[in-house]
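Remarks on the overall topology
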Amino acid sequence: LKFFLAPALEKFSTKRKLTLLMQFLIAGFTLLLTLNLYFSPWFYLNSVIFVMIAVSGAMHDISSDGIYLESLNHQMQAKFIGIRTLFYQAGKLFCQGGLLFIVGFFTLSLGKEKTWPLAFFILSVGIFFLAVYNQKKLPLSNIKNKIGIQSIWINTFESYKNVFREFRQLPNLIIGVIFILFYNFPESQLIKILPLFMLDKTQQGGLGLGVEDVGIIYGGISIGGMLLGVTLSGFLLNRFTLKKCLIPFTLIAVLGNFSY
């Protein structure tokens, strides 16, 4: 829903306030998930909480991307894009690897009923302290988006019209959108099924790994490979142009997918 959320968010508040609000909300929802899992693991409530975390995360991505674009010029954006990508992927790998390692490590001594709440509690505390840190460090914006209640819908509608009008004027729009969708599609499908393949029994075609093993692969080996990839790609992009690097990078990604 990011595509539809982004224009509406332009008029509600400053990107800084919205980013911080979403970070604190995600920390709060994750803590609520912890309490629900520990005291009365109700599946439907867990599902609702996961949806709220996802929506808050989407709104956070939109507003934090806006801060990045507003605060930095094109040269600085290019300079920090590798670092930004590195930490974005590191966060994902921590959730997919680090938390799984914690669960696998403590399951034998504490049991699954207590280990999963512990993992989510650690996550919620980490997000909370990062939000506090960002509250002190994020740059203040000079752009004010405060509007009255009566005009909120009118302003939002105007924002949609302006954004989509500018969007339609982008050069090679259709080809660009198709490329982005197909470029990310194989890896997106693979990432979702890969942990299940690792955990599945060998008799059913899986690797038969434990939760702790999957955590080590995602949290250790994957981060090492990602660091190498980001460093190498940053060096090549600085030495050559994006146009020259795009096809070789794409072929490498395709070969990686085929290797599975």
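Residues numbered from 1 in each chain as written. Predicted model: local features only at pLDDT ≥ 70, side-chain atom pairs only at ≥ 80, totals over all residues. Heavy atoms only, no water.

1. Quick word on the overall build of the chain
Note the following rule: Helix and strand assignments follow DSSP, with helices taken as H or I runs no shorter than four residues and strands as E runs no shorter than two, numbered in order from the N terminus. When accessible area is computed with a 1.4 Å probe and restricted to protein chains, residues below 20% of their type maximum are described as buried, those above 50% as exposed, and intermediate ones as partly exposed. In what follows, a contact means two residues having at least one pair of non-hydrogen atoms within 4.5 Å. For accessible areas, the Shrake-Rupley method is used with a probe of radius 1.4 Å. Any residue's cover is judged against the shown protein chains and nothing else. Only four residue types enter the charge count, namely Lys and Arg as positive and Asp and Glu as negative; His and the chain termini do not. Here the site of a charge means atom NZ of a Lys, CZ of an Arg, CG of an Asp or CD of a Glu.
Looking only at helices and strands, the chain has 9 helices and 0 strands in total. Reading the chain from its N terminus to its C terminus gives the helix and strand order α-α-α-α-α-α-α-α-α. Principal-axis analysis of the C-alpha atoms places the extent of the chain at approximately 55 × 50 × 30 Å. Per-residue burial over the chain gives 27% buried out of 260 residues. Look at the contacts in the chain between residues 6 or more apart in sequence, and 69% of them connect residues 24 or more apart. Approximately 18200 Å² of the chain is accessible, and the part contributed by carbon and sulfur atoms is 71%. Across the chain, 22 positive and 11 negative side-chain charges occur, with their mean positions spaced 9 Å apart.

2. Quick look at the pattern of salt bridges
Using the following cut-off: Within this document, salt bridges are pairs made up of a side-chain nitrogen of Lys or Arg and a carboxyl oxygen of Asp or Glu, the two lying within 4 Å of each other.
The tally for this structure, following the rule as stated, stands at 2 salt bridges. For Glu70, the salt bridge goes to Lys15, with nearest N and O atoms at 3.0 Å. Residue Glu70 is found in helix α3 (residues 43-71), and its partner Lys15 is found in helix α2 (residues 15-39); the two are separated by 55 residues along the sequence. The exposure class assigned to Lys15 is buried, which follows from its relative accessible area of 15%. The partner of Asp65 in a salt bridge is Arg84, and the shortest N-O contact between them spans 2.3 Å. Here the residue Asp65 occupies a position in helix α3, and Arg84 occupies one in helix α4 (residues 74-110), the gap between them amounting to 19 residues. Look at Asp65 and you get partly exposed, because its relative accessible area is 31%. Since its relative accessible area comes to 32%, Arg84 is described here as partly exposed.

3. Some points on the packing of helix α1 (residues 2-9) against α3
The test is simple: Helix axes are fitted to C-alpha atoms over the stretch in contact, other axes to C-alpha atoms as well, and angles between N-to-C directions run from 0 to 180 degrees. Any angle between 65 and 115 degrees counts as roughly perpendicular, while under 35 counts as roughly parallel, over 145 as roughly antiparallel, and the rest as oblique. The crossing is said to be left-handed when, going from far helix to near helix, the turn is anticlockwise and less than a right angle, and right-handed when the turn is clockwise. When residue character is reported, Ala, Val, Leu, Ile, Met, Phe, Trp, Tyr, Cys and Pro are called nonpolar, Asp, Glu, Lys and Arg charged, and the others, Gly included, polar.
Axis separation between α1 and α3 bottoms out at 10 Å; the angle between their running directions is 55 degrees. The orientation of α1 with respect to α3, classified from their angle, is oblique. Between α1 and α3 lies a crossing of right-handed hand. Taken together, the residues of α3 that come into contact with α1 (itself represented by Lys2, Leu5, Ala6 and Leu9) are Ala58, Met59, Asp61 and Ile62. When the residues that make up the contact of α1 with α3 are grouped by side-chain class, the tally is 6 nonpolar, no polar and 2 charged.

4. Digging into the nonpolar core
For clarity, the cut-off: Working definition of a nonpolar core: buried Ala, Val, Leu, Ile, Met, Phe, Trp, Tyr and Cys residues. They are joined through side-chain atoms within 4.5 Å.
Counting residues in each nonpolar core, the largest one holds 14 residues, and the members touching the most others are Leu33, Ile49, Ile53, Leu99, Phe120, Leu123 and Ile127. Taken together, the elements giving at least two residues each to this core come down to α2, α3, α4 and α5 (112-137). Counting residues per element, this core draws most heavily on α2, at 5 residues. In this view, Leu99 contacts Phe94, Ala119 and Leu123; residues no more than four positions away in its chain are not counted.

5. Describing the packing of aromatic side chains
Put simply, the test is: Side-chain rings of Phe, Tyr and Trp, where Trp is taken by its six-membered ring, are said to pair if the distance between their centres is within 6.5 Å; with planes under 30 degrees apart they count as stacked, over 60 as edge-to-face, and otherwise as tilted.
All told, the structure shown has 9 aromatic pairs when counted by the stated rule. Pairing Tyr38 with Phe39 gives two aromatic rings, centres 5.0 Å apart and planes at 85 degrees, and the pair type is edge-to-face. For Tyr38, a relative accessible area of 47% puts it in the partly exposed group. Taking the centre distance of 6.3 Å and the plane angle of 70 degrees together, the rings of Trp42 and Tyr44 count as edge-to-face. Looking at Tyr44, the relative accessible area reads 57%, which means it is exposed. Cluster of aromatic residues (ring-pair linked, three or more members): Phe24, Phe128 and Phe129.

6. Here's the deal with the side chain of Thr30
Note the cut-off: What qualifies as a polar contact is a pair of N or O atoms within 3.5 Å, subject to a donor-acceptor requirement within protein and to the restriction that residues adjacent in sequence count only when both atoms come from side chains.
Considering the arrangement of structural elements, one finds Thr30 in helix α2. Residue Thr30 is classed as buried on the basis of its relative accessible area, which comes to 3%. Within polar-contact distance, the side chain of Thr30 engages the backbone oxygen of Ile26 at 2.7 Å.

7. Let's talk about the environment of Ile67
You can see Ile67 is positioned in helix α3. In this structure Ile67 comes out as buried when scored by relative accessible area, which is 10%. Apart from residues no more than four positions distant in its own chain, Ile67 is found in contact with Lys15, Arg16, Thr19, Leu138 and Pro139.

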